[in-house]
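# Observations on the three-dimensional arrangement
If you want the building blocks of each chain, they are given just below.
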Amino acid sequence: MTKPFVIPKALVWEAFQRVKANGGSAGVDRESIEEYEKSLGDKLYKLWNRMGSGSYFPPPVKAVPIPKKSGGTRMLGVPTVADRVAQTVVKMVLEPVLEPVFDRDSFGYRPRRSALDAVALVRRRSWKYDWVVEFDIKGLFDNIDHELLLRAVRKHCSTPWVLLYIERWLKAPMETKEGTQVARERGTPQGGVVTPRTQKITSVLSAYWGTGRCAQRGTCVVSHTVV
């Protein structure tokens, strides 16, 4: 039977290898990477089959509160191992499409770039400019508008199955330690593979106007997201 979406099996296999290399804890199903590997062939085939047929629906993400240095907590959303594989499949297709969109001075959630690279750039720029302006996008992960994010992704990506699954991941509920599922109408939890890359499009657009205006005045701009 012909599937509506063409997703190479090799892509799913490579996605699992990346998930295994990154490690991470179990999601709501309490299945570790080691346990997932016990019947790896069957599980990867099932995942590939469902993604290719359009019948894959992500399970809830596990809510894990993490203390913040400034006080309070931020909520991580930990996907299951299988869902991390599915998200990595989409990431491997989406990332090469989005990379050219981002500014060369943008470092968050990008391959072969780190926070230390950003610090090094700011240090060099501090000798070039008289002023440094720092601003942030507070609570972006908690408040991002789903439709705005999807519109931004559609602007750059037209692959139907990629768009389908990104929308489903945005709407996947979060499950607390008590087992209560919390529906999400806006925002995206940290801890996933795909959503940090997609929200980055909207954060870049939000920061672009201010960055451009300040650069015209000979000012170094440092923009980041407060979570």
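Use the structure listed above.
Summary of the structure given here. (Residues numbered from 1 in each chain as written. Predicted model: local features only at pLDDT ≥ 70, side-chain atom pairs only at ≥ 80, totals over all residues. Heavy atoms only, no water.)

## A short note on the pairing of strand β1 (residues 61-67)
- Two elements, β1 and strand β4 (residues 174-175), share 2 bridges in a ladder whose sense is parallel. Counted as the bridge partner of Lys62 is Glu175 from β4.
- The pairing of β1 with strand β2 (residues 73-78) spans 6 bridges and is classified as antiparallel. Opposite Val64, over in β2, you have Leu76 as the bridge partner.
- Count of turn residues in the β1/β2 antiparallel hairpin: 5 residues, of which Gly71 carries a positive phi of about 105°. (Pairing = 2+ DSSP bridges. Helix = DSSP H or I, 4+ residues; strand = E, 2+ residues; numbered from the N terminus.)

## As for helix α3 (residues 40-53)
- Here α3 spans 20 Å end to end across 14 residues, near enough to the 20 Å set by a 1.5 Å rise per residue.
- Among all positions of α3, only Leu40, Leu44, Leu47, Trp48, Met51 and Gly52 are buried. Take α3 and look down its axis: the buried residues cluster within an arc of 125°, on one side only.
- Those residues of α3 that are buried lie in contact with α1 (9-22), α2 (33-37), α4 (81-98) and α8 (160-171). (Expected span 1.5 Å × (residues − 1). Buried < 20%, exposed > 50% of the residue type's maximum accessible area, 1.4 Å probe, protein only. Arc of directions from axis to C-beta. Contact = heavy atoms within 4.5 Å.)

## What to know about the packing of α3 against α4
- It is the contact of α3 with α4, at a shortest axis distance of 11 Å, that shows an interaxial angle of 50°. The angle between the axes of α3 and α4 places the two elements in the oblique class. With respect to the hand of their crossing, α3 and α4 are arranged in right-handed fashion. Side by side, α3 and α4 meet where Leu44, Leu47 and Met51 of the first sit next to Ala82, Val85, Ala86, Val89 and Val90 of the second. (Axes fitted to C-alpha atoms, helices over the stretch in contact; angles between N-to-C directions. Parallel < 35°, antiparallel > 145°, perpendicular 65-115°, else oblique. Left-handed = near helix turned anticlockwise from the far one by under 90°.)

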